[in-house]
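Here's the letter readout for the chains.
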Amino acid sequence: MTPSLRRAVAAATTLALGVVGLVAAALTTAPAAQAASLVSVSSFGSNPGQLGMSLFVPDSLPAKPAVLVAVHYCTGSAQAMYNGSQFDELASRYGYIVIYPQANRSGSCFDVSSSEALVHGGASDPTSIVSMVRYVQQRYTTDNSRVFVTGVSSGAMMTQVLLATYPDVFAAGSAFAGVPATCFSTSSPPPGTGSQAPWNSDCSGGRLVRTGQQWGDLARAAYPGYTGARPRVQLWHGSQDTTLSYVNHGEAVKQWTNVLGVSETPVSTDYPASGQVRTRYGATGDRAPVEAITFQDVGHNLPVDAAAAVHFFGLDSTTTPSPTTPAPTTPAPTTPAPTTPAPTTPAPTTPAPTTPPPSPTPSIGCTVTYTVNQWNTGFTGNLTVRSNVALNGWTLTWTWPSGQVVTQAWSSVTTQTGSFVSAKNAAWNSSVPAGGSFQFGLNGSHPGTNAAPTDFVLNGAPCSRG
């Protein structure tokens, strides 16, 4: 193995380990509360990147639903992205369709570096993904003005490439720990060779620093002659990211403010949660042209807040979808989705439910499925909780048996005292139907031993392990 190939493989492995909860979540099953499920689509049209396609279509849809593309990380999969994020749960709640592309080359990274990937209509992965969108648009009479894309790590890179190469398709994108479009450009083998997507150390290391005009010109060159509207962009990054340097966050802000014709100087700065800094460019509201969120003192392993991305896209409408098949088992939330990410530190900034959660008797029955991906002294845990009765507000508690400490959490408000942990619902996922389930995840540290809890309690009722 050549030194360059070793570096590429090592970097792809780091990308995979740096994705919050998604590797571990691949071991779990989709929430049984949803009648709809992930379906593989074998043929969807032009596919020069030789990608796989999976599709989630909720049981209820409005007359012209929106479409969201959710792109996985290196070594990941469509199934892992589906299991490990809440985009499908929110789709059932708000009535949009989710496409999950699958990279099939060695390493499972998407091509964001070849000349074919970085041009509109090129013979590589972006064109394959757009074919997936066209397939869905033709079969479900979707709203063509409401197509969105999000991704993690390699998927975040692809998100920004798609916004540059197909601004006529996507209305907005949300990139979790990515790089500016074209940043990974390399001399690469032709698409479809099955080789690992090339690694650009200058880009990943934050050594490609350009002016906003230069970055903007590179993005515009991806679709020569295009003069139409450009998609809005939401960017997420950890300030201590050593896999894809935090420098790339600032460079992406330069690129997209230039592309969208707004100032690089933020019009507002706020702190939506402890350890987070949010800047908005071109406008102050929830639908700013560019929104950038920094996780302070966090590395590549950052939370993926699906609710915040969905809110930025404007997909969290409270309008009830018109049922096309039996109504979904996951009801609309009793409160609107939050406009900021769920807190990732013990200090809750998302209010608890205004009324105390019910206290079911121990006989109600609940099951907790706990999966973990661990390394050295750290780990990511994902929890799926099923309840036999309807919940309007929930609290799950447990005790760590091996000295573990929660360092981050998402889709819950989590606090820890000693070895005792309490996770309460976020504002958007408080309601659970009878027989339904909810998911949340966390990052933690351990002293070398990482035994799973065995004493999960939901609203005062002991739960069995799934």
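Residues numbered from 1 in each chain as written. Predicted model: local features only at pLDDT ≥ 70, side-chain atom pairs only at ≥ 80, totals over all residues. Heavy atoms only, no water.

### Quick word on the overall build of the protein
The number of helices and strands found in the protein is 10 helices and 22 strands. Put simply, the protein has 466 residues, and 59% of those count as buried. Excluding contacts between residues fewer than 6 apart, the proportion of contacts in the protein whose partners are at least 24 apart in sequence is 75%. Summing over all exposed atoms, the protein offers an accessible surface of approximately 16400 Å²; the carbon and sulfur share of this is 54%. (Helix = DSSP H or I, 4+ residues; strand = E, 2+ residues; numbered from the N terminus. Buried < 20%, exposed > 50% of the residue type's maximum accessible area, 1.4 Å probe, protein only. Contact = heavy atoms within 4.5 Å. Areas by Shrake-Rupley, 256 points an atom, 1.4 Å probe, with all protein chains shown as cover.)

### Details of the nonpolar core
With 54 residues, the main nonpolar core has Met53, Ile99, Phe170 and Trp256 as its most contacted residues. Top element by residues in this core is helix 6 (residues 154-165). It accounts for seven residues. If you look at the next biggest cluster of nonpolar residues, it comprises 35 residues, including Tyr82, Tyr100, Val152 and Phe176. (Core = buried A, V, L, I, M, F, W, Y, C linked by side-chain atoms within 4.5 Å.)

### Observations concerning the sheet that holds strand 15 (residues 405-410)
In space, the five strands of this open sheet follow the order 15-19-12-11-22, with mixed pairing throughout. Two strands in the sheet have a free side with no partner beyond their single neighbour: strand 15 and strand 22 (464-465). Pairing of strand 11 (residues 366-375) with strand 22, which is carried by two bridges, proceeds in the parallel orientation. If you follow Thr367 over to strand 22, its bridge partner there is Ser464. (Pairing = 2+ DSSP bridges.)

### With respect to the packing of aromatic side chains
Given two aromatic rings, their pairing is described by the distance between the two centres and the angle made by the two planes. If you walk through the whole model with that rule in mind, you get 17 aromatic pairs. The interplanar angle of 85° and the centroid separation of 5.7 Å between the aromatic rings of Tyr82 and Tyr100 together place this pair among those described as edge-to-face. Here Tyr100 lies in strand 4 (residues 96-102) and Tyr82 lies in helix 3 (residues 78-84), a separation of 18 residues in the sequence. A single burial state applies to Tyr82 and to Tyr100, both of which are buried. Taken together, the ring pairs connect Tyr370, Phe379, Trp394, Trp398, Trp400, Phe438, Phe440 and Phe456 into an aromatic cluster. Lying across the ring of Trp215, Arg210 places its NZ or CZ 4.7 Å from the centre. (Phe/Tyr/Trp six-rings, centres within 6.5 Å; stacked < 30°, edge-to-face > 60°. Lys NZ or Arg CZ within 6 Å of the ring centre and 35° of its normal.)

### Looking at the pairing of strand 7 (residues 232-238)
Each regular strand shows side chains that alternate between the opposite faces of the sheet. A large share of strand 7 lies buried, amounting to seven of its seven residues. Judged by which residues are buried, strand 7 turns out to be covered on both faces: Arg232, Gln234, Trp236 and Gly238 on one side and Val233, Leu235 and His237 on the other are all buried. The sheet contact formed by strand 6 (residues 172-176) and strand 7 spans five bridges and is parallel. Within strand 7, the residue paired with Gly173 across the bridge is Val233.

### Some remarks on the sheet that holds strand 14 (residues 395-399)
Read from one edge to the other, the open sheet built from five strands follows the order 16-17-14-20-21, with strand pairing classed as antiparallel. This sheet does not close on itself; its edge strands, each paired only once, are strand 16 (412-417) and strand 21 (461-462). Sheet topology note: the strand 14/strand 20 (residues 457-458) ladder contains two bridges and is antiparallel. Counted as the bridge partner of Thr397 is Val457 from strand 20.

### Concerning the side chain of Ser54
Note on placement: Ser54 falls in strand 2 (residues 52-56). Among residues more than four places away in sequence, those in contact with Ser54 are Leu38, Val39, Ser40, Ala78, Val98, Ile99 and Tyr100.

### A few points about the state of the cysteines
Summed over the entire model, instances satisfying the criterion amount to three disulfides. Across the disulfide, Cys74 is cross-linked to Cys109 (sulfur-sulfur distance 1.9 Å). With the S-S dihedral at roughly 125°, the linkage between Cys74 and Cys109 falls on the right-handed side. Of this pair, Cys74 sits in the loop between strand 3 (66-71) and helix 3 while Cys109 is found in the loop between strand 4 and helix 5 (125-140), placing the two residues 35 residues apart along the sequence. (Disulfide = S-S within 2.5 Å.)

### Thoughts on the pattern of salt bridges
What the rule picks out here adds up to seven salt bridges. Two residues, Asp217 and Arg220, come together in a salt bridge whose shortest N-O distance is 2.8 Å. With Asp217 and Arg220 both in helix 8 (residues 212-221) and three residues apart, this pair spans about one turn of that helix. Residue class for Asp217 comes out partly exposed when judged on its relative accessible area of 38%. (Salt bridge = Lys/Arg side-chain N within 4 Å of Asp/Glu carboxyl O.)

### A few points about helix 9 (residues 247-259)
In this model, helix 9 (13 residues) spans 19 Å end to end at C-alpha, consistent with the 18 Å of a helix rising 1.5 Å per residue. Of all 13 residues in helix 9, 10 are buried, a share of seventy percent or more. Within helix 9, the full set of buried residues consists of Asn248, His249, Glu251, Ala252, Val253, Lys254, Gln255, Trp256, Thr257 and Val259. Buried residues in helix 9 make contact with helix 6, helix 7 (201-204), helix 8, strand 7, strand 9 (276-281) and strand 10 (290-295). (Expected span 1.5 Å × (residues − 1).)

### Digging into the confidence of the model for the protein
With 80% of its residues at a pLDDT of 70 or more, the protein has an overall mean of 83. Predicted confidence for residues 1-14 stays below pLDDT 50, and this span has 10 contacts to residues more than four positions away or in other chains. Contacts of residues 318-363 to residues separated by more than four positions or lying in other chains number 110 contacts, the stretch itself having pLDDT below 50. (pLDDT = per-residue confidence, 0-100.)

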